[in-house]
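# Fold and geometry: a report
What follows is the residue order along each chain.
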Amino acid sequence: MSPAMSTAIEANKEGDQPESQYQKGVKHLWDSGITRVPNKYILPASDRPGLTRDDNQSGNPNLKLPVIDFAHLQGSNRSHALNTLAKACEEYGFFQLTNHGIPSEVILNMVEGSKRFFELPFEERSKYMSTDMYAPVRYGTSFNQNKDRVFCWRDFLKLSCQPLSGVLPFWPSSPVDFRQSAVDYSKQAKFLYLALTEAILESLGLVEATTKNNEYDSLKEFQDGSQLIVVNCYPSCPEPDLTLGMPPHSDYGFLTLLLQDEVKGLQIQHDGRWVTVEPIPNSFVVNVGDHLEIFSNGRYKSVLHRVLVNPLNSRISIASLHSLPVNKTVQPSPKLIDETNPRRYKDTNFASFLDYISSCEPKGKNFLESRKLT
Ligand SMILES: O=C(O)CCC(=O)C(=O)O
Ligand SMILES: [Fe+2]
């Protein structure tokens, strides 16, 4: 046997497992004691994070995401805060939100409950595995484990929140109190989202139409909108330069409110570079989703982001994705279209997004690109 072949067999012994093992997720894999990243997770060289990781350590230290103090949005500083908000959504598609007012206990219970969920025996977690995109609860791995050729280093728990009374009986009954923590958290996140949406509509010059003339009654639609909580679990990774926790993607909805722990990992694309979002304790990372880009007729940007993994720490993040009701058409607001600003996107809805992602491997901003009028 040639030396190269025997090395390949050794590597295989070390990392690779039967294909079905990968369906059980990275937590399971990591707990089995692997010391190498199996081939299933190794990205083509051009998609690996290695180069930008170094780039990021040495380069552009001044680049900070805009920070919005939620208290300023509520008080006499509102118009200044609205300008910052508009600029953040135009230039970065992201901002950090401090002073959000959600009780720390609600956040702590949700984070701790999520950590304990991922520590449950695999058999317990696997009860919630489903390939049905409409399931009220879905435990899984990678991005789309039925389609992805290369898997990413993430397990997830998705909780659909609409209507709460209908979905609740399906949510995990273990760990104890998890359901209650998730209910409390989802309600608080929704409340915050609605306040931010009101600010966003105002920053786009649409709030008069909303509150005074009742022209679209948009806020009502947002109140009845969809909410999906995604708990992401990224176990530590023995060779983090070969893989990603999440590949570059944009979020489909209107706004995402993301809680990240103190472990860095989230990167956004800005000016053609990947920039790490520094965690700020007790804050949310908020980002514009595809639906808001469409609704704003392209003024606010749904920006690509991805997640790096690291060799020392596992990481948890909790995303609350919000949008209009699932069957509602999303379209550029008529108020934002005129001769100088023609309509730039086709109508879309959540169902067409789900059809799209279940029929192909989502890459970057493909879905949004498919909604653009040329
Ligand atoms: O884990 C993160 O920081 C980002 C998660 C994310 O992008 C998502 O859930 O869509
Ligand atoms: Fe995302």
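Just so it is clear, the structure is predicted and the values come from calculations on it, not from any experiment.

Turning next to the environment of Val330. For Val330, the location among the structural elements is in the loop between β12 (315-323) and α14 (350-359). Taking the C-alpha atoms as reference points, Val330 and Phe350, separated by 20 residues in sequence, lie 8.4 Å from one another. The residues contacting Val330, other than those within four sequence positions of it, are His291, Ile294, Leu324, Lys346, Asp347 and Thr348.

Turning to the nonpolar core, a few remarks are in order. One recurring pattern in soluble globular proteins: nonpolar side chains tend to sit buried together. Formed by 67 residues in total, the largest nonpolar core has its most connected members in Tyr185 and Phe284. Among the elements that take part in this core, helix α10 (residues 178-203) stands out by supplying 13 residues, more than any other. Not counting residues up to four positions away in its chain, the partners in contact with Tyr185 are Val106, Ile107, Met110, Ile229, Leu259, Phe284 and Ile318. Core analysis: the second largest hydrophobic core is formed by 20 residues, Leu65, Leu228, Ala319 and Phe353 among them.

Moving on to helix α7 (residues 104-119). In this model, α7 (16 residues) spans 22 Å end to end at C-alpha, consistent with the 22 Å of a helix rising 1.5 Å per residue. Val106, Ile107, Met110, Val111, Gly113, Ser114, Phe117 and Phe118 are the residues of α7 that are buried. The buried residues of α7 occupy an angular sector of 165° when the element is viewed end-on, so they sit on one face. Exposed positions of α7 whose direction lies more than 90 degrees from the buried face are Ser104, Glu105, Leu108 and Glu119.

Our next topic: the environment of Gln96. Within the fold, Gln96 resides in strand β2 (residues 94-98). Here the alpha-carbon distance between Gln96 and Val285, two residues 189 residues apart in the chain, equals 4.5 Å. Apart from the residues within four sequence positions on either side, Gln96 is in contact with Leu65, Pro66, Val67, Ile68, Val277, Glu278, Ile280, Ser283, Phe284 and Val285.

Attention now goes to the site of ligand 1. Surveying the vicinity of ligand 1 reveals the residues Asn232, Tyr234, Met246, His249, Asp251, Leu258, Leu266, His305, Val307, Arg315, Ser317 and Ala319. Contact between ligand 1 and Tyr234: an oxygen atom at 2.6 Å from a side-chain N or O atom of the residue. His305 is positioned with one of its side-chain polar atoms (N or O) 3.1 Å from an oxygen atom of ligand 1. Among the elements of the structure, β5 (226-234), β6 (246-249), β11 (305-307) and β12 are those that each provide at least two residues to the shell around ligand 1.

Okay, the sheet that holds β6 next. As summarised here, the arrangement of the four strands in space is β6-β11-β8-β9, forming an open sheet in which the pairing is antiparallel. A strand with exactly one partner marks an edge of an open sheet, and here the two such strands are β6 and β9 (273-276). Sheet twist, expressed as the mean angle between neighbouring strand axes with direction ignored, is 25°. As judged from the three bridges shared by strand β8 (residues 266-270) and β11, these two strands associate in the antiparallel manner. Each bridged residue has a counterpart across the sheet, and for Leu266 the counterpart in β11 is Val307.

The next point concerns the pattern of salt bridges. Within the structure shown, the criterion is met by 12 salt bridges. A salt bridge links Arg299 to Glu90; the nearest nitrogen and oxygen atoms lie 2.8 Å apart. With Arg299 in the loop between α13 (290-295) and β11 and Glu90 in helix α6 (residues 78-91), this residue pair connects regions lying 209 residues apart in the sequence. On the basis of relative accessible area, Arg299 is assigned to the partly exposed category, the value being 33%. Notably, a salt bridge pairs Glu369 with Lys372, separated by 3.4 Å at the nearest N-O pair. Look at Glu369 and you get partly exposed, because its relative accessible area is 41%.

So, about the sheet that holds strand β7 (residues 255-260). Spatially, β1-β2-β10-β7-β12-β5-β4-β3 is the arrangement adopted by the eight strands of the open sheet, whose pairing is mixed. The open sheet terminates on both sides in strands that have one partner only, identified here as β1 (67-69) and β3 (137-141). Across the sheet, the axes of successive neighbouring strands diverge by a mean angle of 25°, strand direction being ignored. Running over the sheet, α7 touches β3, β4 (155-160), β5, β7, β10 (284-288) and β12 and is turned about 115° from β12.

Where α6 contacts α10, the axes come no closer than 9 Å and their chain directions differ by 85°. In terms of orientation, α6 lies roughly perpendicular with respect to α10. Between α6 and α10, the contacting residues are Arg78, Leu82, Leu85, Ala86 and Cys89 on the first element and Glu198, Ala199, Ile200, Glu202 and Ser203 on the second.

What counts, and where the lines are drawn
- Residues numbered from 1 in each chain as written.
- Chains lettered and ligands numbered in written order.
- Predicted model: local features only at pLDDT ≥ 70, side-chain atom pairs only at ≥ 80, totals over all residues.
- Heavy atoms only, no water.
- Helix = DSSP H or I, 4+ residues; strand = E, 2+ residues; numbered from the N terminus.
- Contact = heavy atoms within 4.5 Å.
- Core = buried A, V, L, I, M, F, W, Y, C linked by side-chain atoms within 4.5 Å.
- Buried < 20%, exposed > 50% of the residue type's maximum accessible area, 1.4 Å probe, protein only.
- Expected span 1.5 Å × (residues − 1).
- Arc of directions from axis to C-beta.
- Near = heavy atom within 4 Å.
- Polar contact = N/O pair within 3.5 Å; in protein donor to acceptor, adjacent residues only side chain to side chain.
- Pairing = 2+ DSSP bridges.
- Axes fitted to C-alpha atoms, helices over the stretch in contact; angles between N-to-C directions.
- Salt bridge = Lys/Arg side-chain N within 4 Å of Asp/Glu carboxyl O.
- Parallel < 35°, antiparallel > 145°, perpendicular 65-115°, else oblique.

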